[in-house]
Amino acid sequence: MTDKDVEQTDERGYDAGPWWAELGTLGAVALIVFGVLAAAWVFLRLPGTPENLATGYYGAAKVLAIGLVIAGSALLGRRRTRAAATEERNLAERT
């Protein structure tokens, strides 16, 4: 078999990013709310709470942390975009 016979593509057969990479700001807020609700669920020991409470709090904290990181990244991205637009506008006014 020669190289001409083999079709080569750049597409990968798997998703390279994590599941939460494309959630955006609204997804981040939803994760934060869900994490807080999960922590309250464990705190109140409602049905479905694990016997080891630390396990429940750990899971809720992971979801909450992912939501906070996504929200922080989105806010920083907006801030950088706004600063770049302001700087570009100031340069245009000077010329």
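In this text, all values refer to a predicted model and were calculated from it rather than measured experimentally. (Residues numbered from 1 in each chain as written. Predicted model: local features only at pLDDT ≥ 70, side-chain atom pairs only at ≥ 80, totals over all residues. Heavy atoms only, no water.)

1. Section: the overall build of the protein
Moving on, step 1. Across its full length, the protein holds 2 helices and 0 strands.
Moving on, step 2. Residues counted as buried form 12% of the 95 residues belonging to the protein.
Moving on, step 3. Long-range pairs, those at least 24 residues apart, make up 62% of the contacts in the protein with a sequence separation of at least 6.
Moving on, step 4. Carbon and sulfur atoms provide 60% of the accessible area of the protein, an area that totals close to 8200 Å². (Helix = DSSP H or I, 4+ residues; strand = E, 2+ residues; numbered from the N terminus. Buried < 20%, exposed > 50% of the residue type's maximum accessible area, 1.4 Å probe, protein only. Contact = heavy atoms within 4.5 Å. Areas by Shrake-Rupley, 256 points an atom, 1.4 Å probe, with all protein chains shown as cover.)

2. Considerations on the environment of Gly72
Moving on, step 1. Relative to the helices and strands, Gly72 is located in helix α2 (residues 53–94).
Moving on, step 2. For Gly72, a relative accessible area of 30% translates into the label partly exposed.
Moving on, step 3. Taking the C-alpha atoms as reference points, Gly72 and Thr25, separated by 47 residues in sequence, lie 9.0 Å from one another.

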